[in-house]
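# Structure at a glance
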Amino acid sequence: MRIYGDQLSGNCLKVKWTADLLGLSYEWIETSAFGQSRTPEFLAMHPAGQVPVVRFDDGRVLAQSNAIMRYLARGSRLLPEDPFEQARVDEWLFWEQNGHEPFVAVVRFQVLAQKQTAETLEPRLVSRGNAALDHLETVLTGRNFLLNAPTIADLACVAYTRVAEEGLFDLGPRPAVRAWIARCEAELGVSGGRVR
Ligand SMILES: N[C@@H](CCC(=O)N[C@@H](CS)C(=O)NCC(=O)O)C(=O)O
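Before going into details, it helps to say that this report is about the structure given with it.

Rules and cut-offs
- Residues numbered from 1 in each chain as written.
- Predicted model: local features only at pLDDT ≥ 70, side-chain atom pairs only at ≥ 80, totals over all residues.
- Heavy atoms only, no water.
- Salt bridge = Lys/Arg side-chain N within 4 Å of Asp/Glu carboxyl O.
- Helix = DSSP H or I, 4+ residues; strand = E, 2+ residues; numbered from the N terminus.
- Buried < 20%, exposed > 50% of the residue type's maximum accessible area, 1.4 Å probe, protein only.
- Pairing = 2+ DSSP bridges.
- Right-handed = clockwise from strand over helix to strand, strands pointing away.
- Axes fitted to C-alpha atoms, helices over the stretch in contact; angles between N-to-C directions.
- Parallel < 35°, antiparallel > 145°, perpendicular 65-115°, else oblique.
- Left-handed = near helix turned anticlockwise from the far one by under 90°.
- Contact = heavy atoms within 4.5 Å.
- Nonpolar A, V, L, I, M, F, W, Y, C, P; charged D, E, K, R; others polar.
- Core = buried A, V, L, I, M, F, W, Y, C linked by side-chain atoms within 4.5 Å.
- Near = heavy atom within 4 Å.
- Polar contact = N/O pair within 3.5 Å; in protein donor to acceptor, adjacent residues only side chain to side chain.
- Areas by Shrake-Rupley, 256 points an atom, 1.4 Å probe, with all protein chains shown as cover.

## With respect to the pattern of salt bridges
Applying the stated criterion across every chain, the model contains 9 salt bridges. The closest approach of N and O atoms between aspartate 134 and arginine 174, which form a salt bridge, is 2.9 Å. Within this pair, whereas aspartate 134 is found in helix α5 (residues 123-140), its partner arginine 174 is found in the loop between α6 (152-161) and α7 (175-187), the two being separated by 40 residues in sequence. Assessed through its relative accessible area of 7%, arginine 174 is described here as buried.

Written out as structure tokens, the structure reads:
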């Protein structure tokens, strides 16, 4: 398969981490999220014009980082077989896209790419980002991973949490989150991607 992704995007790294952890062979097509996903050629493959996208050897195309992770991880230790445990993974995947990424990742983008400061950031986005990090701190207190074992839920949620301080969020008072990030980096091979 071919993975079209920007190595500096947390959403794209989620897919790379999953494929690497599972030992899947793939060709990485570096595609900058600053323009290269909006060329006519790319739009012909994926009209939404965003990365990550996977094109499988049979020509089928799949987008959305969490959908791709879920598809790649089926039948592996990263996605439990039990239907209810799977639904709990999905719960985290949907929450990450709806309650975390739109705040933590967006604020970080605004700081790094748009040079916004604590004074110019939209307070609502910052406050929702802090609420997401607080939620993780509460859940992870006394736990090693979001569920009973490491899953794609951890990969999804750690992608932008581990770089949240680049968006001026403070992980200092969130020790359970910091310890979980370290565990994900060590046990899930999570690394790389520091810019957007
Ligand atoms: N919900 C999507 C978000 C994809 C997304 O926002 N991709 C960004 C990079 S992180 C992108 O391609 N931006 C370029 C653009 O929109 O032109 C996912 O999880 O895959």
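## With respect to the pairing of strand β2 (residues 27-30)
Two faces, one strand: in a regular strand the side chains alternate between the faces of the sheet. Of the pairings in the sheet, the one linking strand β1 (residues 2-5) to β2 comprises 4 bridges and is parallel in character. Pairing of arginine 2 across the sheet is with glutamate 27, part of β2. The β-α-β motif built from β1, the intervening helix α1 (residues 10-21) and the parallel element β2 has right-handed crossover chirality.

## A look at the packing of helix α4 (residues 83-112) against α5
In contact at an axis separation of 9 Å, α4 and α5 are set at 130° when each is read in the N-to-C sense. Relative to α5, the element α4 is oriented oblique. Here the hand of the crossing between α4 and α5 comes out left-handed. Contacts between α4 and α5 involve Trp92, Trp95, Gly99, His100, Pro102, Phe103, Val104, Val106, Val107 and Gln110 on the former and, on the latter, Arg124, Leu125, Val126, Arg128, Gly129, Ala132, Leu133, His135, Leu136 and Val139. Here the residues of the contact of α4 with α5 sort into 13 nonpolar, 5 polar and 2 charged.

## Section: the environment of glycine 99
Here glycine 99 shows up in helix α4. Spatially, the C-alpha atoms of glycine 99 and arginine 128 are 7.7 Å apart, while their sequence positions differ by 29 residues.

## Notes on the environment of glutamate 137
Looking at the secondary structure, you find glutamate 137 in helix α5. Overall, the relative accessible area of 13% leaves glutamate 137 in the buried class. Considering only alpha carbons, one finds glutamate 137 and alanine 176, 39 residues apart in sequence, at a separation of 5.6 Å. Every residue in contact with glutamate 137, bar those within four places of it in the chain, is listed here: Arg174, Pro175, Ala176 and Val177.

## Quick notes on the nonpolar core
In terms of nonpolar packing, the biggest core is built from 43 residues, with Trp92, Leu136, Leu146, Ile152, Leu155 and Trp180 touching the most fellow members. Of all the secondary-structure elements, those providing two or more residues to this core are α1, α3 (65-73), α4, α5, α6 and α7. Top element by residues in this core is α4. It accounts for 9 residues. Counting residues in hydrophobic clusters, the runner-up holds 16 residues, among them Ile3, Tyr4, Cys12 and Val54.

## Some points on the site of the ligand
Neighbouring residues of the ligand: 13 residues in total, closest Arg38, Val51, Gln64, Ser65 and Gln97. Here serine 65 contributes a side-chain N or O atom positioned 2.6 Å from an oxygen atom of the ligand. Glutamine 97 is positioned with one of its side-chain polar atoms (N or O) 2.7 Å from a nitrogen atom of the ligand. Taken by itself the ligand offers 510 Å² of open surface, and the protein chains cover 80% of this. Here the shell around the ligand is built from residues that sort into 4 nonpolar, 8 polar and 1 charged.

## Some details on α6
Among the 10 residues that make up α6, 10 are buried, leaving the element largely enclosed by the rest of the structure. For α6, the full list of buried residues reads Ile152, Ala153, Asp154, Leu155, Ala156, Cys157, Val158, Ala159, Tyr160 and Thr161. For α6, the elements touching its buried residues are α1, α3, α4, α5 and α7. The N-cap residue of α6 is threonine 151: its side-chain oxygen and the backbone nitrogen of alanine 153 are 3.0 Å apart.

## Some details on the environment of valine 190
If you trace the backbone, valine 190 turns up in the segment after α7. The exposure class of valine 190 is buried, given its relative accessible area of 2%. Placed 35 residues apart in sequence, valine 190 and leucine 155 show a C-alpha to C-alpha distance of 7.9 Å. Excluding anything up to four places from it in sequence, valine 190 contacts Trp17, Leu155, Val158, Arg162, Cys184 and Glu185.

From the geometry alone we can't say anything about function, so treat these as descriptive.
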